[in-house]
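Breakdown of the fold
Here is what each chain is made of, one letter per residue.
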Amino acid sequence: MGRGRAKAKQVKVARQLKYRTGNTDLDRLKSELGVSDSPGDDSYDYDELAERYADYADDYGTEDRKDGTSAR
């Protein structure tokens, strides 16, 4: 008998998540997740990442893997 109440609560929560109006407090969410507002601390742009990992692509990009499949 307890399963019916649990399922009803799950359905209620799912409906609230699906149909809510979007009153999400983004500042509170940022603080809970520990995200900083300054965009330059850890972020890399695409060119920096491509340069950084180009050597790995040259070294590991065309060889066969240990399991016999190719890397591409």
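One can find the structure itself at the top, above this paragraph.
Analysis parameters
Residues numbered from 1 in each chain as written. Predicted model: local features only at pLDDT ≥ 70, side-chain atom pairs only at ≥ 80, totals over all residues. Heavy atoms only, no water. Helix = DSSP H or I, 4+ residues; strand = E, 2+ residues; numbered from the N terminus. Buried < 20%, exposed > 50% of the residue type's maximum accessible area, 1.4 Å probe, protein only. Areas by Shrake-Rupley, 256 points an atom, 1.4 Å probe, with all protein chains shown as cover. Expected span 1.5 Å × (residues − 1). Salt bridge = Lys/Arg side-chain N within 4 Å of Asp/Glu carboxyl O. Patch = residues over 30% accessible without salt bridge, like charges linked within 9 Å, V, L, I, M, F, W, Y side chains within 5 Å. Lys, Arg positive; Asp, Glu negative; His and termini not counted. Charge placed at Lys NZ, Arg CZ, Asp CG, Glu CD. Bend = angle between axes of the 7 residues up to and from the residue.

On to the overall build of the chain, then. In terms of regular secondary structure, the chain is built from three helices and zero strands. When the helices and strands of the chain are listed from N to C terminus, the series reads α-α-α. Counting across all 72 residues of the chain, residues that qualify as buried make up 0%. In the form shown here, the chain has an accessible surface area of approximately 7400 Å², with 50% of it arising from carbon and sulfur atoms.

What follows covers helix H1 (residues 2–19). Under the 1.5 Å per step criterion, the end-to-end length of H1 is 26 Å for 18 residues, consistent within 8% with the ideal 26 Å. The buried fraction of H1 is low, at zero of 18 residues.

This part takes up the pattern of salt bridges. Inspection of the entire model under this criterion finds one salt bridge. Linking Arg28 and Glu32 is a salt bridge whose minimum nitrogen-to-oxygen distance equals 3.1 Å. Taken together, the residues span about one helical turn, with Arg28 and Glu32 both in helix H2 (residues 26–33) at a distance of four residues. Glu32 gets classed as exposed once you look at its relative accessible area, which sits at 56%.

A surface patch of negative charge is lined by Asp45, Asp47, Glu48 and Glu51. Relative to the helices and strands, Asp47 resides in helix H3 (residues 46–60).

For H3, spanning 15 residues, the distance from its first C-alpha to its last is 20 Å, which sits close to the expected 21 Å at 1.5 Å a residue. The sharpest bend along H3 reaches about 45° and sits at Tyr53.

Purely spatial values, then, with no claim about function.
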